[in-house]
Amino acid sequence: MLSMVIDSISSFMYSKLLVIMLIGTGVYFTIRTRFPQVRLFRSACKAVMEKPDDEDAVSSFQALMVSTASRVGTGNIVGVSSAICIGGFGAVFWMWVIAIIGSASAFVESTLAQIYKKKGEDGTCYGGPAYYIEAALRCRPLAIAFCIAMIATYAFGFNMLASYNLQSTFAGFSFYHADVTPWIIGGILAVLTGWCLLGGGSRIVKVTSTLVPVMGVAYIVVALIVVVINIRYIPDVFATIFREAFDFQAIFGAFAGSAMMQGIRRGLYSNEAGIGSAPNAAASANVTHPVKQGLVQMLSVFIDTLLLCTATAMMCMSSGVAPSEALQGAPWVQAALQESLGTFGPVFIAVSMVLFAFTTLLGNCFYCDNLLTYIHKSQPGRHFMMAFRVVCALVVFMGAGMEMSMLWNIADVLMGVMAMINIPVIILLSNTALKALDDYEKQLKKGMNPVFKSTDIGMKEKMDCWE
């Protein structure tokens, strides 16, 4: 009964409300910021490599890796596979669309997070939607509501789903027993996650900034090898993507299961642009201008969807293994790679899923640290944080043995609640981000390294970091 209720809410939200909000907001910001995805791409790449003056501060690159750790996860493998198996090859096109226009939303929300960030007693910076909601809108209850929604989404919804997706990857191996193996894998994952979490935020940043680049590069290299092996099928793959993407009879005849809807749902789940998650990591970076980190977080969306999701899609669609609802998730990806690479394929996907899921779990819990600090108005006590992290580890264990469709729907609904709070807020505050962008570009044109002061864009609020 609960599963049916959650499924109904999820279908309603994604068939009407969120489609309009996400696409509309992305297009609006793309136009108002004058296509930064193309115009400022080179500046974004330069900003990634800047090092902070303080060696102990979180760099722009490290903040990018934390946010990418959360974005780059099991959804890049299982989510893409499920979208294509249910919606067809056209779902890939709509994932691309969501990434390109959604990156403008990611730019605005992360720039706002930088502008309104706070500085702790130890000199570290923190912030996110809750902080810019309270600072600019003077509405702490709404900010707390967002924090609760995000904690529920990331510490519970997404982490349970990541745990399930990881254990399901082993279903094709001979040792797998459906009644026992999920709980064993869930237990091992929970212990490893708990160990990292109990080390605090610094350990999370170090682990993710090391693992994410390595696993991302390895995954793309294998994808390129598979594409080269199956290069003769690639023209047909692209032709099918565009043909099915614009099959409007199929789209409107079965909207919830169409290529458009599946691409939008899985694209949103994967890149998270506009829902208010990445700004929590973006605010921690030590940069000279807020726009720099906004541009860097825009890159994170490209890395996630245009690189990694496309890599999964091309590996699978060029393999000759036909997608079906029965194969959705890890089984189709494993079957596709086995067809191209033999027994190495399923093993590689299992290893990738382990790394993707692990970094996702850590990135998600890093966000929750900032949210709890906001709710408590200070860093929560050591015993409280220890108890919270133990609960997070137990949730990982529970998720491994739950049912897949219910977990996807829970994640979709919780993420939708976040988006419905964050999107109207960033639209209301967008003028501040646009003024910061103008200030950044004026300094660039003068050949300067842009440095931000809040008074330069007419801000009267007392700021922690930009006075």
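Residues numbered from 1 in each chain as written. Predicted model: local features only at pLDDT ≥ 70, side-chain atom pairs only at ≥ 80, totals over all residues. Heavy atoms only, no water.

Peer 1: Give a detailed account of the overall build of the protein, specifying residues and quantitative values.
Peer 2: From N to C terminus, the protein includes 20 helices and 2 strands. In the protein, the share of contacts with a sequence separation of at least 24, taken over all contacts with a separation of at least 6, comes to 83%. (Helix = DSSP H or I, 4+ residues; strand = E, 2+ residues; numbered from the N terminus. Contact = heavy atoms within 4.5 Å.)

Peer 1: With reference to specific residues and values, describe the side chain of Asn-159.
Peer 2: When you line up the elements, Asn-159 lands in helix H8 (residues 140-168). Sequence-distant contacts of Asn-159, defined by excluding residues within four places in its chain, comprise Tyr-154, Thr-360, Leu-361, Asn-364, Cys-365 and Val-396.

Peer 1: Which residues make up a nonpolar patch on the surface, and what values go with them?
Peer 2: There is a patch of nonpolar side chains on the surface, built from Val-180, Ile-184, Ile-188 and Leu-192 and spanning about 360 Å² of accessible area. Note on placement: Leu-192 falls in helix H9 (residues 181-197). Judged by relative accessible area, which is 45%, Leu-192 ranks as partly exposed. (Patch = residues over 30% accessible without salt bridge, like charges linked within 9 Å, V, L, I, M, F, W, Y side chains within 5 Å. Areas by Shrake-Rupley, 256 points an atom, 1.4 Å probe, with all protein chains shown as cover. Salt bridge = Lys/Arg side-chain N within 4 Å of Asp/Glu carboxyl O. Buried < 20%, exposed > 50% of the residue type's maximum accessible area, 1.4 Å probe, protein only.)

Peer 1: Help me get a handle on unusual backbone geometry, residues and values and all.
Peer 2: A positive phi angle, close to 60°, is found at Arg-34, a residue other than glycine. The residue Arg-34 is located in the loop between helix H1 (2-32) and helix H2 (36-39) in this model. Given the relative accessible area of 39%, Arg-34 is considered partly exposed. Even without a glycine there, the phi angle at Phe-35 is positive, about 55°. If you trace the backbone, Phe-35 turns up in the loop between H1 and H2.

Peer 1: How would you explain the packing of helix H6 (residues 90-115) against helix H20 (residues 430-445) if you had to name every residue and give the values?
Peer 2: The contact between H6 and H20 brings their axes to 9 Å, and the two run at 85°. Classified by the angle between their axes, H6 and H20 sit roughly perpendicular to one another. Residue-level inspection shows Phe-107, Val-108, Thr-111, Leu-112 and Ile-115 of H6 in contact with H20, the latter providing Thr-432, Ala-433, Ala-436 and Leu-437. In the contact of H6 with H20, the residues fall into 7 nonpolar, 2 polar and no charged. (Axes fitted to C-alpha atoms, helices over the stretch in contact; angles between N-to-C directions. Parallel < 35°, antiparallel > 145°, perpendicular 65-115°, else oblique. Nonpolar A, V, L, I, M, F, W, Y, C, P; charged D, E, K, R; others polar.)

Peer 1: Could you give an account of the packing of aromatic side chains, naming the residues involved and the relevant values?
Peer 2: The full count for this structure, using the stated rule, is 14 aromatic pairs. Judged by centre distance (6.2 Å) and plane angle (40°), the rings of Phe-41 and Phe-302 are tilted. One end of the pair, Phe-41, is in helix H3 (residues 41-48); the other, Phe-302, is in helix H15 (residues 290-317), and 261 residues separate them in sequence. Accessibility expressed as a relative area gives 37% for Phe-41, which makes it partly exposed. Ring centres of Tyr-219 and Phe-348 lie 6.1 Å apart, and the angle between their planes is 15°; this geometry places the pair in the stacked category. With Tyr-219 in helix H10 (residues 201-229) and Phe-348 in helix H17 (residues 344-376), this pair connects stretches of sequence that are 129 residues apart. A relative accessible area of 12% means that Phe-348 is categorised as buried. Three or more aromatic residues link up through ring pairs in this structure, and these residues are Phe-93, Trp-94, Trp-96, Phe-238 and Phe-242. One residue, Arg-140, lies across the ring of Tyr-374, its end atom 4.6 Å from the ring centre. (Phe/Tyr/Trp six-rings, centres within 6.5 Å; stacked < 30°, edge-to-face > 60°. Lys NZ or Arg CZ within 6 Å of the ring centre and 35° of its normal.)

Peer 1: Give a description of the confidence of the model for the protein that names residues and reports values.
Peer 2: When pLDDT is averaged across the protein, the result is 80; 82% of the residues are at 70 or more. Averaged pLDDT values for the elements of the protein fall to 49 in helix H12 (residues 248-253) and rise to 94 in H20. (pLDDT = per-residue confidence, 0-100.)

Peer 1: Talk me through the pattern of salt bridges; I want residue IDs and the actual numbers.
Peer 2: Tallied over the entire structure, the rule returns 3 salt bridges. A salt bridge links Glu-441 to Arg-34; the nearest nitrogen and oxygen atoms lie 2.7 Å apart. Taken together, the positions of Glu-441 in helix H20 and Arg-34 in the loop between H1 and H2 put the pair 407 residues apart, joining distant regions of the chain. Looking at Glu-441, the relative accessible area reads 11%, which means it is buried. Residues Arg-39 and Glu-441 are paired through a salt bridge, measuring 2.3 Å at the closest nitrogen-oxygen approach. Residue Arg-39 is located in helix H2, and its partner Glu-441 is located in helix H20; the two are separated by 402 residues in the primary sequence. Classification of Arg-39 as partly exposed rests on a relative accessible area of 33%. The structure contains a network of salt bridges with shared partners spanning Arg-34, Arg-39 and Glu-441.

Peer 1: So what about the nonpolar core? Which residues, and what values?
Peer 2: Soluble globular proteins tend to pack their nonpolar side chains together in the buried interior. Leu-112, Tyr-116, Tyr-132 and Leu-295 are the most contacted members of the largest nonpolar core, which has 88 residues in total. Considering each element in turn, this core owes the most residues, 14 residues, to H8. Each residue touching Leu-295, except ones within four places of it in the same chain, is listed here: Leu-40, Ser-43, Ala-44, Phe-107 and Tyr-440. In terms of nonpolar packing, the next biggest core, distinct from the first, is built from 41 residues, Ile-77, Val-78, Val-222 and Phe-356 among them. (Core = buried A, V, L, I, M, F, W, Y, C linked by side-chain atoms within 4.5 Å.)

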